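Structural description and commentary
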Amino acid sequence: MNKKDVANIRKQFKVGNDLLKITNIYNVYIMKESSEIYHEQMQPFEMLDEDQQELFMSNFKKVLTGRLDEKLFELKFQPDAEDSSQLILHKGLLSRNVDDWKEQMLLIVDKMLDDKQYENDLVITFIRGEYLKAMKRRSEESEEGGRDAVYSNAFILCSINKTQEPKKELAFDYVEKEFKYNVEVDPVINLKAPVGGFLFPSITDNAADVNHILYSSGKAYEPDPEFIEEVLNAEETMTAEDDKIVFEEIVKDVTGNQLNTSTLANVYEEIHRVIEDTEGEETPKLDRRDVERVLKMSGLEEVNTEKVEAAFQKVIDDERYELKANNIIPKYNSKSIKISTKVANISLSPQDLKYVRQVNFNGKLCIMIEVEEDTVIEGFTMIPEAFADNSNNHEG
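Computed from a predicted model, the values in this text were never measured in an experiment.

This next bit is on the side chain of Asn-2. By the element assignment, Asn-2 lies in the segment before α1 (3-10). Reaching out from Asn-2, the side chain makes a polar contact with the backbone nitrogen of Lys-4 at a distance of 3.0 Å.

In structure tokens, the structure reads:
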């Protein structure tokens, strides 16, 4: 799934939407002390009152909120996994009987509880439904298209939420004219911040992909490797942060950690060009050959195949590894690059990095920024100062 696919299904989670039909909701309450099921409840989603539906819809939308490779991860199932969750979920997806579906979901819950101790009571919620999307808009002149022809995908969504202790409050009784300690004993389910979840199957370009699952982590860049491997039986994943670190270490290794701002700006520009040139909704990726080409095009002529291969082997131990281009470049049209010094903090976009230089002036390291007009500081227009001729000046 790409971000467009995720956005398309996420925006459908609203009450009264005829493009999203949720048939059943199954809630399972887990006690932290025993890691056992304390209570379970199955019911048709339409039997919930509207306020409850709104709460759950908001919760399901949050499960699908976040950037890919940060909070959302499309995972491939492990081939030939024992007691495969892919098979369990697929059986649940195809089951016509609600009890059969519940039985499969309980198998997933059992995996979550296997040798696991949780810090809070948990509520695990499963829904099953159908996601519809019109194939094309109906034109005013023609009666074809619109809702007459739709893509249809059955799905299962799981949301995992922790409970909170009820608030202890002091209340004032107007009738009795006295202060009272207000005691609430029922735990509150925190539906505003799910700690995990998943969508099965992946839905890419309006087609179901049962070989992949969309996993949602509770925190950015912190996927749960145990949940991914033991519960979902999926292959391990790299976060966007991991990709970025791998790329940085490869470039440092290839260049000997000698890179000036002009060359770095060229690297970002070349990667941005790769992203723009990638056709359709395909995720742009860079293999070792692409990395070599990008570095050479950026002005690093001493780069060669042997250096890049050795760097890939050293950093990631996989010469065939592909880096997602969107993960390794700062957001190109925003001030995503931060330069922090003891004197000042500077924010600028990758496309403006070419106007920044690190220079050695009179034996001191300085940052020089090229500007197109006079600089105004606190309402005062600065006058140009003489830049002494120094034969030792060079870029760092």
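Anyway, onward from the coordinates.
On to the packing of helix α8 (residues 288-297) against helix α9 (residues 305-315). For the pair α8 and α9, the least separation of the axes is 10 Å and the interaxial angle reads 125°. Here α9 runs oblique to α8, going by the angle between their axes. Read as a crossing pair, α8 and α9 show a hand that is right-handed. Contacts from Arg-288, Val-291 and Glu-292 in α8 reach Thr-305, Val-308, Glu-309 and Phe-312 in α9. Broken down by class, the residue content of the contact of α8 with α9 amounts to 3 nonpolar, 1 polar and 3 charged.

Tallied over the full model, the rule gives 12 salt bridges. With its nearest N and O atoms 2.5 Å apart, the salt bridge here joins Glu-248 to Lys-244. A residue pair is termed a helical-turn pair when its members lie 3 or 4 positions apart in one helix, as Glu-248 and Lys-244 do in helix α6 (residues 240-255) at 4 residues. Judged by relative accessible area, Glu-248 falls into the partly exposed class, the value being 31%. Across the pair Glu-249 and Lys-252 runs a salt bridge whose closest N-O atoms are separated by 3.7 Å. With Glu-249 and Lys-252 both in helix α6, this residue pair falls 3 residues apart, about one helical turn.

Of the residues in the chain, 92% reach a pLDDT of 70 or more, and the chain-wide mean stands at 88. Contacts of residues 390-396 to residues separated by more than four positions or lying in other chains number 17 contacts, the stretch itself having pLDDT below 50.

Strand β1 (residues 20-31) sits mainly inside the fold: 9 of its 12 residues count as buried. Where β1 meets strand β4 (residues 122-134), 10 bridges bridge the pair, whose relative direction is antiparallel. By the bridge assignment for β4, Tyr-29 is matched with Val-123. Bridging between β1 and strand β2 (residues 36-44) involves 8 bridges; their strand directions are antiparallel.

Going through the model one piece at a time under the given rule, you end up with 8 aromatic pairs. Taken together, a centroid distance of 6.1 Å and an interplanar angle of 70° make the contact between Phe-13 and Phe-60 edge-to-face. Taken together, the positions of Phe-13 in the loop between α1 and β1 and Phe-60 in helix α2 (residues 50-63) put the pair 47 residues apart, joining distant regions of the chain. Each member of the pair, Phe-13 as well as Phe-60, carries the same accessibility label: buried. Ring centres of Tyr-29 and Tyr-38 lie 6.2 Å apart, and the angle between their planes is 65°; this geometry places the pair in the edge-to-face category. Looking at Tyr-29, the relative accessible area reads 15%, which means it is buried. A relative accessible area of 61% means that Tyr-38 is categorised as exposed. Taken together, the ring pairs in this structure connect Phe-13, Phe-56, Phe-60 and Phe-155 into an aromatic cluster.

Conventions and cut-offs
Residues numbered from 1 in each chain as written. Predicted model: local features only at pLDDT ≥ 70, side-chain atom pairs only at ≥ 80, totals over all residues. Heavy atoms only, no water. Helix = DSSP H or I, 4+ residues; strand = E, 2+ residues; numbered from the N terminus. Polar contact = N/O pair within 3.5 Å; in protein donor to acceptor, adjacent residues only side chain to side chain. Axes fitted to C-alpha atoms, helices over the stretch in contact; angles between N-to-C directions. Parallel < 35°, antiparallel > 145°, perpendicular 65-115°, else oblique. Left-handed = near helix turned anticlockwise from the far one by under 90°. Contact = heavy atoms within 4.5 Å. Nonpolar A, V, L, I, M, F, W, Y, C, P; charged D, E, K, R; others polar. Salt bridge = Lys/Arg side-chain N within 4 Å of Asp/Glu carboxyl O. Buried < 20%, exposed > 50% of the residue type's maximum accessible area, 1.4 Å probe, protein only. pLDDT = per-residue confidence, 0-100. Pairing = 2+ DSSP bridges. Phe/Tyr/Trp six-rings, centres within 6.5 Å; stacked < 30°, edge-to-face > 60°.

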